[in-house]
Amino acid sequence: MIKTLRRLGFFSAGIALVTLGVTVWGIIPRLAKAQVSGGPQFWITWQAASSSVPVNYIGKALPSYNTKITAELALIANGLPVDLSGQTIYWYLNNTLIGGGVGVDTITFRPFGLPPNSLSLEAELPSYNGQYLAHSIEIPYVDPVVVIGAPYPNNTFSANPVGLIALPYFFSSAPSTLVYTWSVNGQTGTGAENPQVAQVTLPQGTPAGTAITIGLTVTDSANSVSASTQSTLTYAGQLQ
């Protein structure tokens, strides 16, 4: 296992993909940074394409272990985009050269190092109109996390059985390929047709005020990563 469960919250680990070309480029001395003031504006955008999130999540999918990230560079000068097709561009991740060449304004890579952390991505143009330009951004690099979806105000419920759903965030594998392990008061439940959903039935006569602790572990076996969480719900008794 590259990484076992570390704590509740964000989980994962990172590893780099290193090609022969990157290894060779890595020995090229970096130019002294002398960012030109008053030059064109840099725009570096990125997307963690393989980071899975629930369908109703409206935030940005963040990269975690083994996530494929695609970044793109744009320059704006005098209010207009600059044609970069003839420009030499080098890309660095945490000061390590990961690619580049003439017109290479887009790059796809996987993070390396261990999250939680941040990734420093830099684009350099060694000779833009005879000048050296460089710009870097920080990309959040996180552990995956799982949340128990239990839509009950104040974690109090009266329905019996009670329904729960696992909501995994930032795993590199699709939710359908993840392994879900549920427990109730420390007792692991049996398999289900849809393991992302759990249904807990209380025995007849369960008194109001009874608390149950729901545990959940989600494992990405393809990447040897897991995340866990738990939630305590209180039974309010059957509504009359």
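What counts, and where the lines are drawn
- Residues numbered from 1 in each chain as written.
- Predicted model: local features only at pLDDT ≥ 70, side-chain atom pairs only at ≥ 80, totals over all residues.
- Heavy atoms only, no water.
- Helix = DSSP H or I, 4+ residues; strand = E, 2+ residues; numbered from the N terminus.
- Buried < 20%, exposed > 50% of the residue type's maximum accessible area, 1.4 Å probe, protein only.
- Contact = heavy atoms within 4.5 Å.
- Areas by Shrake-Rupley, 256 points an atom, 1.4 Å probe, with all protein chains shown as cover.
- Core = buried A, V, L, I, M, F, W, Y, C linked by side-chain atoms within 4.5 Å.
- Phe/Tyr/Trp six-rings, centres within 6.5 Å; stacked < 30°, edge-to-face > 60°.
- Lys NZ or Arg CZ within 6 Å of the ring centre and 35° of its normal.
- Pairing = 2+ DSSP bridges.
- Axes fitted to C-alpha atoms, helices over the stretch in contact; angles between N-to-C directions.

Visitor: So what exactly am I meant to see when it comes to the overall build of the chain here?
Guide: Helix and strand counts for the chain come out as one helix and 16 strands. Relative to its full complement of 240 residues, the chain shows a buried share of 41%. Sequence-distant contacts, at least 24 apart, represent 66% of the contacts inside the chain between residues at least 6 apart. Approximately 12700 Å² of the chain is accessible, and the part contributed by carbon and sulfur atoms is 55%.

Visitor: Just checking my understanding: could you explain the nonpolar core for this structure?
Guide: Formed by 30 residues in total, the largest nonpolar core has its most connected members in L73, W91, F109, L121 and L125. For this core, the secondary-structure elements that each account for two or more residues are β1 (41-48), β2 (69-77), β4 (88-93), β6 (106-109), β7 (117-128) and β8 (131-141). For this core, the element with the most residues is β7, which contributes five residues. When sequence neighbours within four positions are dropped, the list of residues in contact with L121 reads I44, A71, W91, Y92, L93, I98, F109, H135, S136, I137 and I139. In terms of nonpolar packing, the next biggest core, distinct from the first, is built from 22 residues, F171, L178, V200 and L233 among them.

Visitor: Just checking my understanding: could you explain the packing of aromatic side chains for this structure?
Guide: Enumeration according to the criterion identifies five aromatic pairs in this entry. Note on Y152 and F157: the rings are 6.1 Å apart at their centroids and 55° apart in plane angle, and the pair reads as tilted. F157 sits in the buried class, given a relative accessible area of 1%. Judged by centre distance (5.5 Å) and plane angle (45°), the rings of F157 and Y235 are tilted. Separated by 78 residues along the polypeptide, F157 in strand β10 (residues 156-157) and Y235 in strand β16 (residues 225-235) bring together distant segments of the chain. No difference in accessibility class separates F157 from Y235, as the two residues are buried. Put simply, the rings of Y57, Y169 and F170 pair up and form one aromatic cluster. The ring of W46 carries K60 above its face, with NZ or CZ at 4.3 Å from the centroid.

Visitor: I keep staring at unusual backbone geometry and nothing clicks. Help me out?
Guide: Peptide bonds are, in most cases, trans, and in most cases residues other than glycine have a negative phi. Here the residue pair P115 and P116 is connected by a cis peptide bond, since its omega of -5° sits within 30 degrees of zero. By the element assignment, P116 lies in the loop between β6 and β7. Of the consecutive residues N160 and P161, the connecting peptide bond is found in the cis state with omega at 10°. Topologically, P161 is positioned in the loop between β10 and β11 (162-169).

Visitor: Would you mind going over the environment of N117 with me for this structure?
Guide: By the secondary structure assignment, N117 is in strand β7. Placed 21 residues apart in sequence, N117 and E138 show a C-alpha to C-alpha distance of 9.8 Å. When neighbours within four sequence positions are excluded, N117 is seen to be in contact with P140 and Y141.

Visitor: Is there a simple way to think about the sheet that holds β8 in this case?
Guide: Hydrogen bonds between backbone groups are what pair the strands of a sheet, and the pairing can be parallel or antiparallel. An order of β5-β4-β7-β8 is seen for the four strands of this open sheet, with the pairing classed as antiparallel. Each having just a single partner strand, β5 (96-102) and β8 make up the two edges of the open sheet. The mean inter-strand angle of the sheet, taken between neighbouring strand axes irrespective of direction, is 15°.

Visitor: Help me out: how do you make sense of the side chain of S51 in this one?
Guide: With respect to the helices and strands, the residue S51 is situated in the loop between β1 and β2. Taking the relative accessible area as the measure of exposure, S51 reaches 8% and is therefore buried. Apart from the residues within four sequence positions on either side, S51 is in contact with A61, L62, T67, F170 and F171.

Visitor: Quick question: what am I supposed to make of the environment of L233 here?
Guide: Inspection of the secondary structure puts L233 in strand β16. Sequence separation between L233 and A211 is 22 residues, and the spatial gap between their C-alpha atoms is 5.6 Å. If sequence neighbours within four positions are ignored, L233 has contacts with A150, N155, F157, V162, L164, T210, A211, I212 and I214.

Visitor: What's the story with the sheet that holds strand β12 (residues 179-184) in this structure? I'm lost.
Guide: Sheet architecture is open: five strands sit in the order β10-β16-β15-β12-β13, paired in mixed fashion. In this open sheet, the two edge strands, each paired with only one partner strand, are β10 and β13 (187-188). Where β10 lies against β16, two bridges are found, and the strand directions are parallel. Residue pairing across strands places F157 opposite Y235, the latter belonging to β16.

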